[in-house]
Amino acid sequence: MSNTSEIDQSPVTSPAERRRVLAATIVGTTVEWYDFFIYAFAASLIFNTQFFGPMGEAMGPAGPTLISMASIGLSFLFRPLGAFLAGHFGDKYGRKPVLIATLILMGAATALIGLLPTGDLAAISAIGLLLLRVLQGISAGGEWGGAALMAVETAADGGRNRAGAWPQLGVPFGMLLATGMLTVLQMTMGQEGFVNGGWRIAFLFSVVLILVGYVVRRAVEESPVFRQISKMAKSQSAPIAVVFRKYWLIVILAALVFAGDNAVGYMLVGGIVQKYAATPLEAGGMVGMDGGQVSLFLNLAAISWAIWTYVGAWIADKYGAKPVFIVGYILMIFASIALFPLVVMGGENPIFFVLGTCLLGVPLGFCYGPLSAWYAEVFPASVRFSGVSITYAIGAIVGGAFAPLIVQATFEANAGQWHWAAVYLAIMSAVGLAGSILLKGRHGIPLGHDMEHSGQWDTWKTGDPIPEGVRTQH
């Protein structure tokens, strides 16, 4: 069979199926990240006393809080394992089954956290809590790559970045759902009722969300690019090994591209801003805002993040992801420096809290909306799931794994002053900027296996002609 006839076998996705895929990716990632963020918020607000009190006594008064914040980062250490597993099975057996498996794993772990006993059994439950957090990390490590590729690989010509923004929107939407749940619980039950058991409702609610996500994801078809690989019998037997042997430099640079955004983003989604703003003044807080009010205002920050995520993807469809990231990271340096001063001013006037957190949503969106498409563009089809999953996981470790712990440690060491936290966030933004400048742009490259089959994948640059016989739409 000739090369051209092999290429012509590439399937094309219908508009109706594209809509189903986008719905499945955004619903699934929203559920996944609701689960992930509800833990981060609970860890910053109540797990230090509910579970980690006995474990942190030897470290002094700040011990339980630091252990609780460290538990947020624990899951990041296991994201690479989830990425390895999901990448391997996703490149060999398809994107869809991996998406369903990660959804169920995350939901089960979250619901079980809501059932852990406290009180006299807190020390034992703390161990169980950490194990369930590990399962959340494995799930999160495998979730993003599958959802991103399902969206990007089914996109129409000229809409790749906007399609890839849909699973990205699951992050601010998951944050919106998580902060919304906390707002309702804190305002209806009061802080005492929330701490004494109301928090469990937020975790058990995951069961309902998982059922919804499962039904939606079961309805979609497999990625057309993977169907093309299967038809041409070109799947890799060891895709992870190929990624590290041939594309190790791309993995490093692309991980840095995500690291800055992840570190700064975890100020909002990792519970740091919430804890910093809502700690009572009599307990040593610097701001002293009402906890329910802070959760409510963070909903506005999540909406800002979501809007600018899609705007960034829309601009990237016109000019490419690379320039959008560069502009985004320049803005992020200034927005991250301004964040905590504005939060502190929010103690006098809440409008400053809203301004600081919502302004941060602009660069966070610019450096997140086009990420799915750019990651897909730098890895060929046969190892793409492995490449984007492991790169995303490494970027998450370098960026967000211990960002909440590092920032909290600067607060503990400097009597709550924000200056060193701002320096750290500015440095991480600069790291992301450097990665964005060095990673090559691939705007417009065909994503199907026929492009890889043409032999021009590794040498193609933005603006080069499409090889003859290669489809631009899948």
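Reading the values: rules and limits
- One numbering rule holds for all chains: residues counted from 1, following each sequence as written.
- Since the coordinates come from a predicted model, pLDDT governs what is reported: local features require at least 70, and pairs of side-chain atoms require 80 or more to be given and counted, while whole-chain, interface and lining totals use all residues.
- Each side-chain value is worked out from all heavy atoms of the structure, with water and hydrogens disregarded.
- Numbering of helices and strands runs from the N terminus, with a helix taken as a DSSP run of H or I at least four residues long and a strand as a DSSP run of E at least two residues long.
- Between two residues, a contact is recorded if the distance between any of their heavy atoms is within 4.5 Å.
- Simply put, an axis is a line fit to the C-alpha atoms, just over the touching stretch for a helix, and the angle between two N-to-C directions goes from 0 to 180 degrees.
- To sort the angles, those under 35 degrees are grouped as roughly parallel, those over 145 as roughly antiparallel, those from 65 to 115 as roughly perpendicular, and the leftovers as oblique.
- Two helices that cross are described as forming a left-handed crossing if the nearer one is turned anticlockwise from the farther one by less than a right angle, and a right-handed crossing if clockwise.
- Gly is put with the polar residues, along with every residue not named as nonpolar or charged; the nonpolar set is Ala, Val, Leu, Ile, Met, Phe, Trp, Tyr, Cys and Pro, and the charged set is Asp, Glu, Lys and Arg.
- Like charges within 9 Å and nonpolar side chains (Val, Leu, Ile, Met, Phe, Trp, Tyr) within 5 Å are joined into patches, using only residues over 30% in relative accessible area that form no salt bridge.
- Shrake-Rupley sampling with a 1.4 Å probe provides the accessible areas, and residues are treated as covered by the protein chains on show and by no other component.
- Whenever Lys or Arg places a side-chain nitrogen within 4 Å of a carboxyl oxygen from Asp or Glu, that contact is recorded as a salt bridge.
- Stacked, tilted and edge-to-face are the three classes assigned to paired rings of Phe, Tyr and Trp, where Trp is represented by its six-membered ring and a pair needs centres within 6.5 Å; plane angles under 30 degrees give stacked, over 60 edge-to-face, the rest tilted.
- Three labels apply to residues, based on accessible area from a 1.4 Å probe with only protein chains included: buried if under 20% of the type maximum, exposed if over 50%, partly exposed otherwise in between.

Trainee: Looking at this model, I keep getting lost on the environment of Trp166. Mind explaining?
Mentor: Examined against the element boundaries, Trp166 turns out to sit in helix α9 (residues 160-204). For the pair formed by Trp166 and Cys358, sequence separation is 192 residues and the distance between their alpha carbons is 20 Å. Non-local contacts of Trp166, meaning those with residues more than four positions away in its chain, are made with Leu22, Thr25, Ile26, Thr29 and Tyr310.

Trainee: It is not clear to me how the packing of helix α13 (residues 248-269) against helix α17 (residues 350-366) should be interpreted in this structure. Could you clarify?
Mentor: Each pair of packed helices can be summarised by the angle the axes make with each other and by the distance between the axes. The geometry of α13 relative to α17 is characterised by a closest axis approach of 11 Å and an angle of 155 degrees between their N-to-C directions. With respect to α17, the axis of α13 lies roughly antiparallel. You can see that α13 and α17 cross each other, and the crossing is left-handed. For the pair α13 and α17, the contacting residues are Asp261, Val264, Gly265 and Leu268 in the first and Thr357, Leu360, Pro363 and Leu364 in the second. In terms of residue class, the contact of α13 with α17 is made up of five nonpolar, two polar and one charged.

Trainee: Help me understand the environment of Asn262 in this model?
Mentor: Checked against the element boundaries, Asn262 lands in helix α13. When the C-alpha atoms of Asn262 and Ile72 are compared, they prove to be 13 Å apart, with 190 residues separating the residues in sequence. Those residues in contact with Asn262, other than ones at most four positions away along the chain, are Phe76, Gly395, Ala396, Gly399 and Gly400.

Trainee: Would you mind showing me how to read a nonpolar patch on the surface here?
Mentor: A cluster of nonpolar side chains, namely Leu81, Leu85, Phe89 and Tyr93, defines an oily patch on the protein surface of about 390 Å² accessible area. Within the element layout of this structure, Phe89 appears in helix α6 (residues 79-93).

Trainee: Would you mind going over the packing of aromatic side chains with me for this structure?
Mentor: Here a ring pair, both rings aromatic, is described through the centre-centre distance and the interplanar angle of the planes. What the rule picks out here adds up to 22 aromatic pairs. Between the aromatic rings of Tyr247 and Phe379, the centroid separation amounts to 6.3 Å while the plane-to-plane angle is 80 degrees, which identifies the pairing as edge-to-face. A residue pair is termed long-range when its members are at least 10 positions apart, and Tyr247 in the loop between α12 (239-246) and α13 and Phe379 in the loop between α18 (371-378) and α19 (384-399) qualify at 132 residues. Assigned by exposure class, Tyr247 and Phe379 land together as buried.

Trainee: What's the story with the side chain of Gln168 in this structure? I'm lost.
Mentor: With respect to the helices and strands, the residue Gln168 is situated in helix α9. Setting aside residues no more than four positions away along its own chain, Gln168 makes contact with Trp144, Thr309, Tyr368, Gly369, Leu371 and Ser372.

Trainee: Please explain the packing of helix α16 (residues 321-345) against helix α21 (residues 419-438) as it appears in this structure.
Mentor: Contact geometry for α16 and α21: axes closest at 8 Å, N-to-C directions at 175 degrees. Looking at the two axes, α16 sits roughly antiparallel to α21. Judged by residue contacts, Lys322, Phe325, Ile326, Tyr329, Ile330, Met332, Ile333, Ser336, Ile337 and Phe340 of α16 engage Ala421, Ala422, Leu425, Ala426, Ser429, Ala430, Gly432, Leu433, Ser436, Ile437 and Leu438 from α21. A breakdown of the residues in the contact of α16 with α21 according to their chemical character gives 16 nonpolar, four polar and one charged.

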